[in-house]
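Observations on the model geometry
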Amino acid sequence: MAKYQAPKGVSEYYPGRSMYFDYVRSCIIESAQSAGYQLMELPIFEDTELFARGVGESTDVVRKEMYTFEDRGGRSLTLRPEGTAGVMRAVIEHNLDRGQLPVKVFYSGAFFRAERPQAGRYRQFYQVGIEAIGLADPRIDVEVIAVADRAFKELGLTRYQLEITSLGDLLTRENYLKELRAYIETIPLDEETRARAALNPLRLFDDKRSEIKKLMSQAPLLMDYLTVQSAEDFEKVKELLIKLGIDFVVNNRMVRGLDYYTGTAFEFVHSELGAQSGIGGGGRYDGLMAQLGGQELSGIGFGLGLDRILLACEAEGIAMPEGFELDLYIVPLGTGDEALIIAEELRGRGLRVDLAFGDKALKGGMKSADRSGAKYSAVLGADELSSGSIQLKEMQTGVMSSVTLSALANELIERISNFGDFS
Ligand code: HAM
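Below or above, wherever it landed, is the structure these notes cover. These numbers come from a predicted model, not from an experiment.

Things to note about helix H2 (residues 48–55)
Across the eight residues of H2, six count as buried, placing the element largely inside the fold. Every buried residue belonging to H2 is among Thr48, Leu50, Phe51, Ala52, Gly54 and Val55, and all of these are buried. Residues of H2 that are buried in the fold lie against strand S2 (45–47), helix H3 (60–64), strand S3 (68–70), strand S4 (76–79), helix H4 (84–93) and helix H10 (288–291). Remark: Gly56 follows H2 within two positions and exhibits a positive phi of approximately 115 degrees.

Looking at the site of the ligand
Close to the ligand lie 27 residues, the nearest being Glu82, Glu115, Tyr122, Tyr261 and Gly278. In the environment of the ligand, a nitrogen atom lies 3.0 Å from a nitrogen or oxygen atom belonging to the side chain of Thr84. Within the contact set of the ligand, a nitrogen atom lies 2.6 Å away from a side-chain nitrogen or oxygen of Tyr261. Protein contacts shield 95% of the accessible area of the ligand, which totals 650 Å² for the unbound molecule. Breaking the shell around the ligand down by element, the ones donating at least two residues are strand S6 (124–133), strand S10 (278–285) and strand S11 (299–305). With seven residues, the top contributor of residues to the shell around the ligand is S10. In terms of residue class, the shell around the ligand is built from nine nonpolar, eleven polar and seven charged.

Side note on the packing of helix H1 (residues 18–34) against helix H11 (residues 306–315)
For the pair H1 and H11, interaxial distance at closest approach is 10 Å and the crossing angle is 110 degrees. By the criterion of interaxial angle, the relationship of H1 to H11 is roughly perpendicular. H11 is crossed by H1, and the crossing has right-handed handedness. In this structure, H1 uses Tyr20, Phe21, Val24, Arg25 and Ile28 to contact H11, whose residues at the interface are Leu306, Ile309, Leu310 and Cys313.

A word on the environment of Val379
Following the sequence through the fold, Val379 ends up in strand S14 (residues 376–380). As a C-alpha pair, Val379 and Ile390 span eleven residues in sequence and 7.0 Å in three-dimensional space. Ignoring any residue separated from it by four or fewer positions in sequence, one finds Val379 in contact with Val331, Leu333, Leu362, Met366, Glu384, Ile390 and Gln391.

Section: the sheet that holds S11
The sheet built from eight strands is open, its strands ordered S1-S5-S6-S11-S10-S9-S7-S8 with mixed pairing. Two strands bound the open sheet, and with one partner strand each, they are strand S1 (38–39) and strand S8 (249–250). Note: strand S5 (residues 103–112) against S6, ten bridges, orientation antiparallel. By the bridge assignment, Lys104 is partnered in S6 with Ala132. Against the sheet, H11 makes contact with S6, strand S9 (262–270), S10 and S11, and its axis sits at roughly 55 degrees relative to S11, the strand it touches most.

With respect to the pairing of S10
Working note: regular strand, side chains alternate between the two faces of the sheet. For S10, the tally of buried residues reaches seven of eight residues, placing the bulk of the element in the interior. Judged from the six bridges that link them, S9 and S10 form a sheet pairing that is antiparallel. Across the sheet, Ala265 pairs through a bridge with Gly283, a residue of S10.

Section: the state of the cysteines
If you walk through the whole model with that rule in mind, you get zero disulfides. Here Cys27 stays unpaired: no disulfide links it, and the sulfur of Cys313, its closest cysteine neighbor, is 8.2 Å away. Its relative accessible area of 7% is what places Cys27 among the buried residues. Overall, the relative accessible area of 0% leaves Cys313 in the buried class.

Here we look at the packing of H1 against helix H5 (residues 138–155)
Look at H1 against H5: their axes get within 9 Å of each other, and the N-to-C directions meet at 140 degrees. Comparing the axis directions of H1 and H5 gives the class oblique. At the point where H1 passes H5, the crossing takes the right-handed sense. Facing H1, whose interface residues are Tyr23, Val24, Cys27, Ile28, Ser31, Ala32 and Ser34, H5 presents Val147, Arg150, Ala151, Glu154 and Leu155. Residues of the contact of H1 with H5, tallied by class, amount to eight nonpolar, two polar and two charged.

Cut-off values and rules
Residues numbered from 1 in each chain as written. Predicted model: local features only at pLDDT ≥ 70, side-chain atom pairs only at ≥ 80, totals over all residues. Heavy atoms only, no water. Buried < 20%, exposed > 50% of the residue type's maximum accessible area, 1.4 Å probe, protein only. Helix = DSSP H or I, 4+ residues; strand = E, 2+ residues; numbered from the N terminus. Contact = heavy atoms within 4.5 Å. Near = heavy atom within 4 Å. Polar contact = N/O pair within 3.5 Å; in protein donor to acceptor, adjacent residues only side chain to side chain. Areas by Shrake-Rupley, 256 points an atom, 1.4 Å probe, with all protein chains shown as cover. Nonpolar A, V, L, I, M, F, W, Y, C, P; charged D, E, K, R; others polar. Axes fitted to C-alpha atoms, helices over the stretch in contact; angles between N-to-C directions. Parallel < 35°, antiparallel > 145°, perpendicular 65-115°, else oblique. Left-handed = near helix turned anticlockwise from the far one by under 90°. Pairing = 2+ DSSP bridges. Disulfide = S-S within 2.5 Å.

In structure tokens form, the structure reads like this:
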């Protein structure tokens, strides 16, 4: 056993699989960029208060999953458990909401929740998220959903389902929560559950215990309390999803794990992932900006779980491009000084080049060339250097051709551009 091991429950990606992770991530980022979302690079830790207020005191995330610590100046900081609160903080702090609306940003990186680890559930996990902040237009809701759906389709995923609901506007919420609280008063609950319900009665829909599930199956449904505006917006979202050919089911009992949601809420669920089936989710948040001290502006976004999406691709047997492919692998005979100099020259021309190090004999060097997955390989010894030409071997076919060293870069660039590259 290795002396040091990664902390329990973190996900990590290293060569052999990391290129697939990279591919999944870039597919989603490309989909976001194609709709005008721009990069937001934010701190990995924020003031604890931001998440407590933003994500909500009643959520599991805030109650028991945050990695909170005191820094040397006695401030309470927390590793980000999600991205939306930080984005909102930055939008307010840098006055981005005073420019053109909506503010459209994407982010990508690690997030932290102290959950019980299991397949697809980690304490450090990865998300790509987008947020469109500043306008309450159902067309934006559909755009956000479409960005995720296009990325999934681009990856080749088929066994997933989009679930949507409307959690109503703030007025809907107020009316509905009154009714729900009245109902909860009438059912038998232990003290802890009642306290939880007092913070946010919606959380009881998320309770996994069968007796609570049964009791909550009789509870009033928010969908029946939508204001005219909320109902119209939800109809618009459904109509546009149909027009775009994006399949969905309405799930009236969806409970999102974070408190800020209003209006459209959605989840993408994959059928091959067992208990941790949510590959992404999001929704609208009307009150969040004001809650964090900004204007009264609405926003909507999603967070897609890269770890689970990669598992989903693997479960569906999707063949993903390697992403990182070498153009040339050089096998030096002798010291290898010239091979390194030539490799650096070619790299400077934009080619991906590696070489054998460590005084390998020809046979060992050729084995490394095979394993490298490079498109071409070449041996570089005293003969090649004195004649000024090498034998370029196309690895897939074994075909050899003679190329002068002075023409090598141009020749490779020419051939690679005709190669049918993935990247
Ligand atoms: P969330 O539903 O908490 O939403 O997380 C989004 C996605 O992150 C989940 O669907 C899942 O794929 C992944 N995920 C969450 N927790 C874990 C974990 N412990 N291990 C592996 N994957 C995980 C949010 O985070 C919101 N900020 C999304 C959002 C953006 N809503 C509006 N804008």
